[in-house]
Amino acid sequence: MAPSRQAFRTTAQFGSARPPIRTLAPGAGAETAARWNQDLSLSAEEKGVTMTIANEFIVVGVDESDVALDAARWAADEASRRHCELRLVHAFTLPAIAGYPEFTTYSDDLQSGLRHDCEKMLRRVAADLQREHPDLGIVTKVIYERASVALPAESAGALLTVVGSGDENRVYGVLLGSVALAVASTNPAPVAVIHRGHHGRTSGPVVVGVDGAGTSEGAIAFAFQAASFRGAELVAVHTWHDVVVPGTHRFQNPLVDPARIEQEEREVLSERLAGWADKYPDVPVRQVLTSGRAVPRLLQEAEQAQLLVVGSHGRGGFTGMLLGSTSHSLILHSQAPVVVVRSAPAE
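Reading the values: the criteria
Residues numbered from 1 in each chain as written. Predicted model: local features only at pLDDT ≥ 70, side-chain atom pairs only at ≥ 80, totals over all residues. Heavy atoms only, no water. Helix = DSSP H or I, 4+ residues; strand = E, 2+ residues; numbered from the N terminus. Buried < 20%, exposed > 50% of the residue type's maximum accessible area, 1.4 Å probe, protein only. Contact = heavy atoms within 4.5 Å. Areas by Shrake-Rupley, 256 points an atom, 1.4 Å probe, with all protein chains shown as cover. Phe/Tyr/Trp six-rings, centres within 6.5 Å; stacked < 30°, edge-to-face > 60°. Axes fitted to C-alpha atoms, helices over the stretch in contact; angles between N-to-C directions. Parallel < 35°, antiparallel > 145°, perpendicular 65-115°, else oblique. Salt bridge = Lys/Arg side-chain N within 4 Å of Asp/Glu carboxyl O. Pairing = 2+ DSSP bridges. Right-handed = clockwise from strand over helix to strand, strands pointing away. Core = buried A, V, L, I, M, F, W, Y, C linked by side-chain atoms within 4.5 Å.

### Quick word on the overall build of the protein
Item 1. When you go through the protein residue by residue, the secondary structure sums to 11 helices and 11 strands.
Item 2. Looking at the protein as a whole, 47% of its 347 residues are labelled buried.
Item 3. Relative to all contacts within the protein whose residues are 6 or more apart in sequence, the contacts with residues 24 or more apart total 78%.
Item 4. Of the roughly 16800 Å² of accessible surface on the protein, a fraction of 51% belongs to carbon and sulfur atoms.

### Details of the packing of aromatic side chains
Item 1. One pass over the full model with this rule turns up 3 aromatic pairs.
Item 2. When the ring of F92 is compared with that of Y144, the centres are 5.2 Å apart and the planes differ by 75°; the resulting orientation is edge-to-face. Taken as a pair, F92 in strand β3 (residues 85-92) and Y144 in strand β4 (residues 138-144) lie far apart in primary sequence, 52 residues in all.
Item 3. A residue is classified by how much of its surface remains accessible, and F92, at 9% relative accessible area, is buried.
Item 4. Residue Y144 is classed as partly exposed on the basis of its relative accessible area, which comes to 33%.
Item 5. Both rings, one in F224 and one in W276, keep their centres 6.1 Å apart while their planes meet at 20°; by these two values the pair is stacked. Placement of F224 in helix α6 (residues 217-230) and of W276 in helix α8 (residues 276-279) is noted, with a sequence separation of 52 residues between them.
Item 6. Through a chain of ring-to-ring contacts, three or more aromatic side chains come together here, namely F224, W276 and Y280.

### Some words on the packing of helix α2 (residues 66-82) against α6
Pairs of packed helices are described in terms of their axes, by the angle between the two and the distance that separates them.
Item 1. It is the contact of α2 with α6, at a shortest axis distance of 10 Å, that shows an interaxial angle of 80°. When the axes of α2 and α6 are compared, the pair comes out roughly perpendicular. Contacts from W74, E78, R81 and R82 of α2 reach α6 at F222, Q225, A226, F229 and R230.

### Re the pattern of salt bridges
Item 1. Under the definition given, this model contains 14 salt bridges.
Item 2. The salt bridge partner of E64 is R124, with a shortest N-O separation of 2.7 Å. Taken as a pair, E64 in the loop between β2 (57-61) and α2 and R124 in helix α3 (residues 108-132) lie far apart in primary sequence, 60 residues in all.
Item 3. What makes R124 partly exposed here is its relative accessible area of 43%.
Item 4. In this structure, K141 and E154 form a salt bridge, with 3.1 Å as the shortest nitrogen-oxygen distance. Taken together, the residues K141 in strand β4 and E154 in helix α4 (residues 147-154) connect sequence positions 13 residues apart.

### Re the pairing of strand β8 (residues 234-240)
Look at any regular strand and the pattern is simple: side chains alternate between the two faces of the sheet.
Item 1. Among the 7 residues in β8, 7 count as buried, and that is most of the element.
Item 2. Here strand β7 (residues 206-209) pairs with β8 via 4 bridges, running parallel. Bridged to V208 within β8 is A236.
Item 3. Regarding the hand of the β-α-β motif, the stretch spanning β7, α6 and β8 is right-handed.

### Points about the nonpolar core
Item 1. By size, the foremost hydrophobic cluster in this structure holds 52 residues, and its most contacted members are L86, L88, V162, V208 and V309.
Item 2. For this core, the element with the most residues is α6, which contributes 8 residues.
Item 3. With near-sequence residues (within four places) excluded, V162 lies in contact with I58, V59, V60, G61, A71, W74, A75, A192 and I194.
Item 4. The next biggest cluster of nonpolar side chains, apart from the first, holds 33 residues, and it includes A147, V163, V183 and I331.

### Here's the deal with the environment of L289
Item 1. The topology assignment puts L289 in strand β9 (residues 285-291).
Item 2. Classification of L289 as buried rests on a relative accessible area of 16%.

Here is the structure:
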């Protein structure tokens, strides 16, 4: 069942009140964060201010790179639209000694000093974001861990996880392209991958890829919701492969009727969208059907889009296989931010 739009719009304006920026201590988990959210909400109630819904949040991986700051701004815009909390997470590690990650001769003072510098960086980023979004509740957290491990761990229960993906061959930081792909492959929440320059587009549709196997159900739900929050058109793209009978030219076999195939695929798309238009009557929907490969058509439709949403059912032992070839290609080449919504594992 799709979440109702109203469930995400229960926050009043703060007026002159401004939610504090909070820093989670090392080792603090979801229980601590939830308690802080409750305290924050109670504090706001005492002042006659309605705060963000305590159990809804967006996670964004942050470092000091330009693409990281674009990702953080994009995440702040999204959290502001949804009236939910924003959690800024920075993960760092020190190089392993002699190839043994568990063995280190680094002093505690060094790690403590690095953590302090990272916390200062996050507070600075949070302050900049709150100047743009005075009503936004922000939590910061520094974690000594690989980013590809830390971000999924922090994303349990999140509405969305946001990561940047740069072209640089970065050794450290959470914005390495391989990290973005790893997080998109394993994250428990939908993942938005932001490339440099993606921040700030406020016009254009939300595009969603729709398949016939049910993999895209979560993506459709997310896309309708995103379009509703943006007041945007939803473009639902469904593609199929042409039928070619061996020894013939395409569609020349009398048993293959291209018009019938197109009608069947149209019915597939209509079935996948059924019910969502009733739940989101404010969202205009344009259906796009075409034979051929999905990636080129989705990229074409996303050229002027605010957002491209796809499902993923990739499986296997490697990151690319886990993510799926279509979503992998779209992340690498899309001119719009890409949200990957992984399908639930089969029982």
